[in-house]
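# Coordinate inspection notes
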Amino acid sequence: MRSFHWFFTGQLVSLVGSSMAPVALAFAVLDSSGPGDLGLVLAARMVPLLAFLLLGGATADRFSRRTVLAAANLGSGLAQAGVAALVLTGRYSTVAVAVLELFGGASAAFTTPALRGIVPQLVGGSGLRRANSLLASARNGTKILGPSLSGVLVVAAGSGPAIAFDALTYLVAAACFARLPAGAVRTAKTTVLADLREGWTEFRRLPWVWLGTAAFFVVNLVQTGTWQVLGPALTRQLSGETTWGYVLSARGAGLLVMSALLYRLAVRHLLRLGWALCSLGALPFLALGAGAGAPWLIAAAFVAGLGISAVGVAWETSLAEHVPTHALSRVSSYGDLLSYLAIPIGQLGVGPLAGAFGGFAVVAAAGILYAAVALVPLASPATRHLRHGAADDV
């Protein structure tokens, strides 16, 4: 378990920095240029993350995941250090920041698949649920505290120090990951393209994986489009600006409570429970679409957080238990890529829809779609009967 302690420490430090960075970066760009440039910088990070995600999965399955994680976090740290240097020295350039974010996004593409693949190496089958619950608790806790800490740091010292702190957390994480055991390294007798084809074959072989990925696609489409774009404006229209902050905090609290609960709760069919509770994520959409007041919306957001956290922990644990270790990073990278593609589609498409049908109608329809799609994976026996704790011997 000492190895997992190093992994958890590195991941926790990295999550703290990552949760603070978006606020600091946004203010740095807005103070130096404008909203249009902020969109460019954010896109500069997202595009390589999607473009290199499959290669990241193949790399993590081919080489030592410890090495991949350490190198990727080192790259992310250097990219953020470059951005911080530009801001602190007064030499800000949108083009230079965008180039650095391109590098940071590419590094992140190699981080996520390796993270998924290394947890089963560090924790035995019986401890996977607890490990993923603990990691989810850390992730959710930093989502609550990180943005607020970043805001305070930006006000007190400026955007540059906040971005520099994020760079430091990546470097500390890289040092922690470097202390992990190397693990088994697969002898590379095939090309990367052949590895990608093998990963796709494994992805298609598991109905509960590709059905779940399809459901996550729609959930991301709704979550990042309808909720993130229309949610703040409609909430302000109903209950004022401060309510949106309370809604996000309540959702974060729900995420944290459920991840802590699943650390203790053992369920035979964990994935079935996760998808059933995922449908609760539709409640804030339905409440907002119905024009509900602030108390109802805040309560709905808390319950939604419970459901979203449950499916997240169930999904991570099920992948680790039932996907062959040698293909885990590739399978998870296919799932991530196909579900993440919904994010820009949702962000770009929700505006025209709201203009045509009205924001409240679009949010209500999105809630109905969310609830229905979250239950679709349960139609498959492969999902309903997948047993927690009964990992395949592969």
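Residues numbered from 1 in each chain as written. Predicted model: local features only at pLDDT ≥ 70, side-chain atom pairs only at ≥ 80, totals over all residues. Heavy atoms only, no water.

## Description of the overall build of the chain
Stated precisely, the cut-off is as follows: Note on conventions: DSSP H or I runs of at least 4 residues are helices, E runs of at least 2 residues are strands, and numbering of each starts at the N terminus. Only C-alpha atoms enter the radius of gyration, while the globule expectation follows 2.2 Å times N to the 0.38, with N the number of residues. Burial classes: relative accessible area under 20% of the type maximum marks a residue as buried, over 50% as exposed, and values in between as partly exposed (1.4 Å probe, protein chains only). The contact rule is simple, with two residues in contact once any of their heavy atoms fall within 4.5 Å. Where accessible areas are quoted, they stem from the Shrake-Rupley method and a 1.4 Å probe; at the residue level, only the protein chains shown are allowed to cover. Counted as positive: Lys and Arg. Counted as negative: Asp and Glu. His and the chain ends are not counted at all. By convention, charge coordinates are those of NZ in Lys, CZ in Arg, CG in Asp, or CD in Glu.
When helices and strands are tallied, the chain shows 17 helices and 0 strands. Relative to the compact-globule value of 21 Å for 394 residues, the chain shows a C-alpha radius of gyration of 21 Å, a close match. With respect to the principal axes defined by its C-alpha atoms, the chain has extents near 55 × 55 × 35 Å. Within the span of the chain, comprising 394 residues, buried residues form 52% of the whole. If you take every contact in the chain between residues at least 6 apart in sequence, the share linking residues at least 24 apart comes to 88%. Approximately 16700 Å² of the chain is accessible, and the part contributed by carbon and sulfur atoms is 69%. Measuring between centres, the 25 positive side-chain charges of the chain sit 7 Å from its 14 negative side-chain charges.

## Topic: a nonpolar patch on the surface
Note the cut-off: Patches in this entry comprise residues that are over 30% relatively accessible and not in a salt bridge; like charges within 9 Å are linked, as are nonpolar side chains (Val, Leu, Ile, Met, Phe, Trp, Tyr) within 5 Å. The rule for a salt bridge is simple: a side-chain nitrogen of Lys or Arg has to be within 4 Å of a carboxyl oxygen of Asp or Glu.
Residues Leu74, Leu78, Phe103 and Leu171 make up a contiguous nonpolar surface patch of about 360 Å² in total accessible area. Within the fold, Leu171 resides in helix H7 (residues 159-177). Of the residues examined, Leu171 reaches a relative accessible area of 35% and is grouped as partly exposed.

## A few points about the packing of aromatic side chains
Let me state the cut-off plainly: Between rings of Phe, Tyr and Trp, where Trp is taken as its six-membered ring, a pair exists when centres lie within 6.5 Å; planes separated by under 30 degrees are stacked, by over 60 edge-to-face, and by other angles tilted.
Summed over all chains, the structure comprises 12 aromatic pairs. A ring pair is formed by Phe203 and Tyr334, whose centres lie 6.1 Å apart and whose planes are at 40°; its orientation type is tilted. Taken together, the residues Phe203 in helix H8 (residues 192-205) and Tyr334 in helix H14 (residues 328-340) connect sequence positions 131 residues apart. Residue classification places Phe203 among the buried residues on the basis of a relative accessible area of 3%. Measuring from ring centre to ring centre gives 5.6 Å for Phe285 and Tyr370, while their planes differ by 40°; the resulting arrangement is tilted.

## A word on the environment of Ala299
Note on placement: Ala299 falls in helix H13 (residues 294-322). Between the alpha carbons of Ala299 and Trp200 there is a distance of 40 Å; along the sequence they are 99 residues apart.

## So, the pattern of salt bridges
Evaluation of the coordinates by the stated rule reveals 8 salt bridges. Linking Asp195 and Arg62 is a salt bridge whose minimum nitrogen-to-oxygen distance equals 2.7 Å. Taken as a pair, Asp195 in helix H8 and Arg62 in helix H3 (residues 53-62) lie far apart in primary sequence, 133 residues in all. Looking at Asp195, the relative accessible area reads 0%, which means it is buried. Looking at Arg62, the relative accessible area reads 10%, which means it is buried. With its nearest N and O atoms 2.6 Å apart, the salt bridge here joins Glu316 to Arg116. Within this pair, whereas Glu316 is found in helix H13, its partner Arg116 is found in helix H5 (residues 94-122), the two being separated by 200 residues in sequence.

## Some details on the nonpolar core
The condition that has to hold: Residues enter a nonpolar core if they are buried and are Ala, Val, Leu, Ile, Met, Phe, Trp, Tyr or Cys, with the set joined through side-chain atoms within 4.5 Å.
Of all hydrophobic cores here, the largest spans 60 residues; its most connected members are Trp208, Val209, Trp275, Trp315 and Tyr370. By residue number, the principal contributor to this core is H13, which donates 11 residues. For Val209, the contacting residues outside a window of four places in its chain are Phe203, Trp315, Leu319 and Val331. Residues Phe4, Ala72, Ala109 and Ala320 belong to the second largest nonpolar core, which totals 25 residues.

## Points about the packing of helix H9 (residues 207-239) against helix H15 (residues 342-357)
Operational definition: Comment: axis = line fitted to C-alpha atoms, over the contacting stretch for helices; angle = value between 0 and 180 degrees taken between N-to-C directions. With respect to orientation, any angle under 35 degrees is reported as roughly parallel, any angle over 145 as roughly antiparallel, any angle of 65 to 115 as roughly perpendicular, and every other angle as oblique. A crossing counts as left-handed when the near helix is turned anticlockwise from the far one by less than a right angle, and as right-handed when that turn is clockwise.
Contact geometry of H9 with H15 gives a least axis separation of 8 Å together with a crossing angle of 50°. Judged on the interaxial angle alone, H15 and H9 are oblique. The way H9 lies across H15 gives a crossing that is right-handed. Touching Phe217, Asn220, Leu221, Thr224, Gly225, Thr226, Gln228, Val229 and Leu230 of H9 are Ala342, Ile343, Ile345, Gly346, Gln347, Val350 and Ala354, all from H15.

## Considerations on H3
Of all 10 residues in H3, 9 are buried; the element is thus mostly enclosed. Leu53, Leu54, Gly56, Gly57, Ala58, Thr59, Ala60, Asp61 and Arg62 are the residues of H3 that are buried.

## Looking at helix H16 (residues 359-375)
Inclusion rule: The span expected for a helix works out to 1.5 Å for each residue beyond the first. When we speak of the arc, we mean the arc of directions from the helix axis to the C-beta atoms.
For H16, with 17 residues, the first-to-last C-alpha span of 25 Å sits near the 24 Å given by 1.5 Å per residue. Within H16 the residues assigned to the buried category are Gly359, Val362, Val363, Ala366, Gly367, Tyr370, Val373 and Ala374. With its buried residues spanning 145° around the axis, H16 presents them on a single face. Buried positions along H16 lie against H9, helix H11 (270-278), helix H12 (283-289), H13 and H15.

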